[in-house]
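Spelled out from the first residue to the last, the chains are:
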Amino acid sequence: MCIRDRYQRRVHGERLSQELFISHFLTMETTLLHEIYIFERKATKGAAPKTEEEINRLTVDESIGMVERAQIFLSKGEPPQKAWVLRNLDILFREHNGIIRLFPWILEHLTGVDSTCQIEASKSFIKLLKAKIFKKEDLLELFELTLHMLQLWEEEVLEGWMRVFEEMLRLLPKEKVQKDVREAIAMLHSSQPAYSKATAARMIGVFTEVYKERCYDSNLFDKLRALLREEGSTLRLLCAKEVMPRVIKTIDPSILETCFFDSIIELCMDNNLDVRSAGIELIVECGDYLESAARSCAVAKFLAEMLLNSANEGLNERLSFHFGRIIYNFRKFLSCDQILWTKLMNLFNSYAGSLNVTLKKNFVFNVPGVLLAGGDFAIFENSYRSLFQDKREEIRLVCIATFAEVITSTFGIRSIGLSSCWWIFAAYKVRRDS
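Residues numbered from 1 in each chain as written. Predicted model: local features only at pLDDT ≥ 70, side-chain atom pairs only at ≥ 80, totals over all residues. Heavy atoms only, no water.

(A) Quick peek at the overall build of the chain. Along its length, the chain carries 25 helices and zero strands. Going through the 434 residues of the chain one by one, you find that 48% of them count as buried. By sequence separation, contacts in the chain at least 24 residues apart represent 65% of the contacts at least 6 residues apart. For the chain, the exposed area adds up to about 22,000 Å²; of that, 52% sits on carbon and sulfur atoms. (Helix = DSSP H or I, 4+ residues; strand = E, 2+ residues; numbered from the N terminus. Buried < 20%, exposed > 50% of the residue type's maximum accessible area, 1.4 Å probe, protein only. Contact = heavy atoms within 4.5 Å. Areas by Shrake-Rupley, 256 points an atom, 1.4 Å probe, with all protein chains shown as cover.)

(B) Highlighting the packing of helix α9 (residues 136–149) against helix α11 (residues 174–189). Between α9 and α11, the shortest axis-to-axis distance is 11 Å and the interhelical angle comes to 10 degrees. Classified by the angle between their axes, α9 and α11 sit roughly parallel to one another. On α11, the residues touching K136, L140, F143 and L147 of α9 are K176, V177, D180, V181 and A184. In the contact of α9 with α11, the residues fall into six nonpolar, no polar and three charged. (Axes fitted to C-alpha atoms, helices over the stretch in contact; angles between N-to-C directions. Parallel < 35°, antiparallel > 145°, perpendicular 65-115°, else oblique. Nonpolar A, V, L, I, M, F, W, Y, C, P; charged D, E, K, R; others polar.)

(C) Seen up close, the pattern of salt bridges. What the rule picks out here adds up to 22 salt bridges. For R202, the salt bridge identified is with E242, shortest N-O distance 2.7 Å. With R202 in helix α12 (residues 194–210) and E242 in helix α14 (residues 233–248), the pair connects residues that are 40 residues apart, well separated along the chain. Two residues, R229 and E266, come together in a salt bridge whose shortest N-O distance is 3.1 Å. Separated by 37 residues along the polypeptide, R229 in the loop between α13 (218–228) and α14 and E266 in helix α15 (residues 253–268) bring together distant segments of the chain. On the basis of relative accessibility, which here comes to 40%, the residue E266 falls in the partly exposed class. (Salt bridge = Lys/Arg side-chain N within 4 Å of Asp/Glu carboxyl O.)

(D) Expanded view of helix α4 (residues 66–76). Looking at α4, one finds that the buried residues are M66, V67, R69, A70, F73 and L74. Down the axis, α4 shows its buried residues gathered within 160 degrees of arc, on one side only. (Arc of directions from axis to C-beta.)

(E) Seen up close, the nonpolar core. Residues F93, F125, W161 and F260 are the most contacted members of the largest nonpolar core, which totals 124 residues. Apart from the residues within four sequence positions on either side, W161 is in contact with L110, Q118, A121, S122, F125, L142, L145, T146, M149 and L150. (Core = buried A, V, L, I, M, F, W, Y, C linked by side-chain atoms within 4.5 Å.)

(F) Layout of the environment of S196. Within the element layout of this structure, S196 appears in helix α12. Through-space distance from the C-alpha of S196 to that of L152 is 8.2 Å; in sequence the pair is 44 residues apart. Setting aside residues up to four positions removed in sequence, S196 forms contacts with L188 and S191.

(G) Geometry of the layout of surface pockets. For the largest pocket, the calculated volume is near 350 Å³. If you trace the largest pocket, you find 18 residues lining it, with A194, Y195, A198, T234 and L238 closest to the centre. Looking at the lining of the largest pocket, the elements that each hand over two or more residues are α10 (155–171), α12 and α14. The leading source of residues in the lining of the largest pocket is α12, at six residues. Here the lining of the largest pocket is built from residues that sort into eight nonpolar, four polar and six charged. (1 Å grid on protein atoms, 1.4 Å probe; cavity = no way out; pocket = protein on both sides within 12 Å on 5 of 7 lines; lining within 4 Å. Points joined across faces, edges and corners; volume = space filled by probe spheres on them.)

(H) Focus on the packing of α12 against α13. Closest axis-to-axis distance for the α12/α13 pair is 10 Å, and the angle between their directions is 135 degrees. Considering their axes alone, α12 and α13 lie oblique with respect to each other. Where α12 crosses over α13, the handedness of that crossing is left-handed. Contact residues: K197, A201, I204, F207 and T208 in α12; L220, F221, K223, L224 and L227 in α13. (Left-handed = near helix turned anticlockwise from the far one by under 90°.)

(I) Seen up close, the environment of G353. Along the chain, G353 turns up in the loop between α21 (338–352) and α22 (357–372). Along the sequence, G353 and S386 sit 33 residues apart, while their C-alpha atoms lie 9.4 Å from each other.

Okay, here's the thing in structure tokens:
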């Protein structure tokens, strides 16, 4: 039966069993590879025809079982055939008991296959780990393989196996893996390539979050502080955006203040705008975890000065995006200084009249947060209303998106009143229809 006939029979409702379907699909893929290779040969002038040896290498007896076929593909097959098997490990392991025959090959050879195969294997192992089909001894062997995979250099491969690493930590007790993890982090941290240090940083973040490391761990946190001061901005950015958010929500607040606070402040002053913005996000996030009133007050004043004095338009856009959260998280320390509070409210109001569209949108998005923090809606009511009639549809749509939050917040209801609600909606309709 030709490939087309098989396909048409399935389309017209013939349902094969799952095993038979996969078996046929593997055969189809092999046949298709033959045809593609032959077509490419013919299409290339002067190319030699396919040899008997090459055809035999791609041909597999259809009568053998699923696992035996997969074994042949893994040991002798071409990269696409290996990738197909690794992509379907969850089926082979769970429904065909392939773990006994296929798992040893994977443990021994996976580090030497191409990146596509390694990525497919990582996706399959994530499914299998979530299904919890591995025995304890198999888990430990897979964990050893995972640590080896995290020493590779290709970004997509590392991304996939970092997710495997996280899933494995959720299944294995800390005492079984912490020694190996610390040794792997130490080795990667001491390596010169930036990708190795980035992997070490991400492992620290995952390990800290999964095992809820609240106490000070010099082996991990001293290395992380050093990585936050690395010369390469890409590494500092990764630490600020991906690693530190995991750490600060897990560790004890006292460790956050004594161990990482100065490093986060340095990120907020970084020469690279993206790193600086990530540092600001971190310091705002810290407002939920800081216990020391003096430290919180210092952060509040630091952020207020940055908001009021920044002359960098790009930085102002990032700061304005977090304005509502800054005001809300640190309202206790900012509102007690009436002069400073007034300056901040006036600055916020100025965003609405800016020629910068991003500042306008950030103004609208942050109105609910400012109201919840105790901001007086009368200061920026006219600005808010006027943006419902803005000539840009994207601004008007943002106004509508935030309107429900504004009128349902305590201060919003008191300040706007029902008549104003109807006025704003009417103004929007007039502007939309014009």
